[in-house]
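# Structural features, examined
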Amino acid sequence: MLEMLRDLVAHKGHANAALLTAIRQNPTAVSDPELWALLHHILLANRFWLLTVLGLSFVHAEEARPSPSFDALIGRYGSTHAQETAWLEIATDGDVARILENALIPGGNCSVSQALVQVCMHSHGHRAQCAKLLRRHGGVPPPMDFILWLTTRPGAEGVGASSDSS
């Protein structure tokens, strides 16, 4: 189970990076408030689950602050992914079996492994919505399928980068 969770989170990082790069390359998409709101929602949910897994406080008012620029938003995605990856590198089967308790979790609790699957599936669904919005602006969404990612396992290049290079 732990290896599958590592794969899912690594794929999420790659897919987020690929999508953010494609959006960054489309000035109309970058300025779309609906797309920004959706990207921020994905990040906010990801931050909730990450901080909960790490046993840290999730301060909604602090986490919900909009990023001042698209590059800053990308940077937040990058740092979040780096924290997830660092934790998963040392996580054990016992760590992912641990039960999380939080009033914001539907039902009040779930295991860490369930939380990680939730954040990956949640991000996946919203990335599809972002891809549709990018198409509306004439952009071409990158391939983001998990099964394609498995063939080469590229990393999350671009996440956290502050220049227009890819």
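Below, the structure is looked at part by part. Fair warning: this is a prediction, and the values are worked out from it, not measured in the lab.

### Quick look at the packing of aromatic side chains
For the coordinates displayed, the defined rule picks out four aromatic pairs. Plain terms: the ring middles of Phe-48 and Phe-58 are 5.4 Å apart, the flat faces sit at 90 degrees to each other, and that makes the pair edge-to-face. With Phe-48 in helix α3 (residues 33–54) and Phe-58 in the loop between α3 and α4 (60–63), this residue pair connects regions lying 10 residues apart in the sequence. With a relative accessible area of 8%, Phe-48 lands in the buried category. Members of the aromatic cluster, joined through ring pairs, are Phe-48, Trp-49 and Phe-58.

### A short note on the side chain of Glu-84
You can see Glu-84 is positioned in helix α5 (residues 70–90). Classification of Glu-84 as buried rests on a relative accessible area of 5%. Dropping the residues within four chain positions of it, Glu-84 is found in contact with Val-9, Lys-12, Asn-46, Leu-50 and Val-119.

Cut-offs applied
- Sequence order as written defines residue numbering, which begins from 1 separately in each chain.
- A pLDDT threshold of at least 70 governs which residues receive local features in this predicted model, and a stricter bar of 80 or more applies before side-chain atom pairs are shown or counted, although totals over entire chains, interfaces and linings include all residues.
- The side-chain figures draw on all heavy atoms in the structure; neither hydrogens nor water molecules are used.
- Stacked, tilted and edge-to-face are the three classes assigned to paired rings of Phe, Tyr and Trp, where Trp is represented by its six-membered ring and a pair needs centres within 6.5 Å; plane angles under 30 degrees give stacked, over 60 edge-to-face, the rest tilted.
- What counts as a helix is a DSSP run of H or I of at least four residues, what counts as a strand is a run of E of at least two, and both are numbered from the N terminus.
- Each residue is assigned to one of three classes by its accessible area relative to the maximum for its type, calculated with a 1.4 Å probe on protein chains only: buried under 20%, partly exposed between the two thresholds, exposed over 50%.
- Contact criterion: two residues are considered in contact whenever any of their non-hydrogen atoms come within 4.5 Å of each other.

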